[in-house]
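Breakdown of the fold
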Amino acid sequence: MNLIGKVITVLIFIMSLVFMAMAVSVYATHKNWRDVVKGPDGQSGLEAQIRQLRTEEDQLNDRVNKLNTQLTHERVARRFALAALQARSKAQEAELARLETANAELVKSEADMKIALQLTEANAKKLKEEVDQLWADIKVAQADRDKQFNEVVQMTDRLQQLRVEQERLKEREIQLVDMTARMKRVLTAFGKDEYTPVDGVAPALDGLVTSINDRDLVEVSLGSDDGIIAGNTMDVFRGDTYLGRIRILRTEPNRAVGQVLQEFRRGLIREGDYVSTKL
């Protein structure tokens, strides 16, 4: 075999390899278009997808029809609403014209009202001044009334106090009249009257001998606060035993000192013995 034959043989071998690679590639990329269309199970292929898409298309068409119907209804409703709005707009225009006429009348009357307002303000100012003066007069009258009321209250309280005092004095008068009558009976029983002198007479009191010394001076528990004065006499006793009489020489508020009278002595006087202005 010459060189050309060898070259051709090598080329044939290389081309064989190329064709073999192409065959393998074609086999690897080969599809079963029936399975693609029908699907492996006969229900999941392109036909099933097409049926589903057609069903969805029908649903969408129904929805579009419904929307078109609704749109038609809405257009009709809008036409009616637009007509109502136009009628309302005309009514509002008429109302606006009426309001403008009324506004013109109000503007015209505003000037009159301003003049009336100025007159009213002037009158109100004058009335305020009169009211202020009246308030001042009322305050003066109230102050005078309060003063008179306080005086009346004070006089009423004083009158009530005088009435109470009058009642008390009446009761006291009754008591004094009764006391005077009883005292007069007592004085009459003892042969005395209201003119009998009583200066130097000691009140009816009882006391105790608080101390005694060797000069026959006796201190007793009665003093000037009890009505004892110098010159009064007191009898001394112990139980039922009469011991003698003392004459008061000097007094202090709560005690007094007396001298034992020898002509009346009937026993030994000791501390703790009883003394009495009226035995």
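To start, this report covers the structure provided alongside it.

Conventions used here
Residues numbered from 1 in each chain as written. Predicted model: local features only at pLDDT ≥ 70, side-chain atom pairs only at ≥ 80, totals over all residues. Heavy atoms only, no water. Salt bridge = Lys/Arg side-chain N within 4 Å of Asp/Glu carboxyl O. Buried < 20%, exposed > 50% of the residue type's maximum accessible area, 1.4 Å probe, protein only. Helix = DSSP H or I, 4+ residues; strand = E, 2+ residues; numbered from the N terminus. Polar contact = N/O pair within 3.5 Å; in protein donor to acceptor, adjacent residues only side chain to side chain. Pairing = 2+ DSSP bridges. Axes fitted to C-alpha atoms, helices over the stretch in contact; angles between N-to-C directions. Phe/Tyr/Trp six-rings, centres within 6.5 Å; stacked < 30°, edge-to-face > 60°. Lys NZ or Arg CZ within 6 Å of the ring centre and 35° of its normal.

**Some remarks on the pattern of salt bridges**
The final tally for this structure, using the stated rule, is eleven salt bridges. We note a salt bridge from Asp146 to Arg145, for which the minimum N-O separation is 3.2 Å. The partly exposed category is assigned to Asp146, whose relative accessible area is 35%. Among the salt bridges present, the one from Arg255 reaches Glu252, with a minimum N-O distance of 2.9 Å. With relative accessibility at 32%, the residue Glu252 sits in the partly exposed group.

**Describing the environment of Thr120**
Structurally, Thr120 is set in helix α3 (residues 46-189). The class of Thr120 is partly exposed, set by a relative accessible area of 47%. Only 2.7 Å separates the side chain of Thr120 from the backbone oxygen of Ala116, close enough to count as a polar contact.

**Details of the sheet that holds strand β3 (residues 233-238)**
An order of β1-β2-β5-β4-β3-β6 is seen for the six strands of this closed barrel, with the pairing classed as antiparallel. In this sheet, neighbouring strand axes are inclined to one another by 45 degrees on average, regardless of whether the strands run parallel or antiparallel. Where β3 meets strand β4 (residues 241-252), six bridges bridge the pair, whose relative direction is antiparallel. Looking at β4, one finds that Arg238 is bridged to Thr241.

**Here we look at the pairing of strand β5 (residues 255-261)**
Taking burial as the measure, the seven residues of β5 include five buried ones, the bulk of the element. In the sheet, strand β2 (residues 217-220) pairs with β5 via four bridges, with the strands oriented antiparallel. Residue pairing for β5: Leu217 is matched across the bridge by Gln259. Where β4 and β5 come together, seven bridges link them in antiparallel fashion. Across the sheet, residue Arg245 finds its bridge partner in β5, namely Leu261. Between β4 and β5, which pair antiparallel one after the other, the connecting turn spans two residues.

**Regarding the side chain of Asn232**
Mapped onto the secondary structure, Asn232 falls in the loop between β2 and β3. A polar atom in the side chain of Asn232 sits 2.9 Å from the backbone nitrogen of Ile229.

**Considerations on the packing of aromatic side chains**
One pass over the full model with this rule turns up one aromatic pair. With centroids separated by 5.9 Å and ring planes inclined at 20 degrees, the aromatic side chains of Phe237 and Tyr274 adopt a geometry described as stacked. Remark: Tyr274 occurs in strand β6 (residues 274-276) and Phe237 occurs in strand β3; sequence separation between them is 37 residues. Relative accessible area serves as the criterion here: at 18%, Phe237 is assigned to the buried category. The exposure class assigned to Tyr274 is partly exposed, which follows from its relative accessible area of 45%. One Lys or Arg, Arg245, reaches over the ring of Phe264 and ends 4.4 Å from the middle of that ring.

So far we have only geometry, and geometry alone does not tell us how the molecule works.
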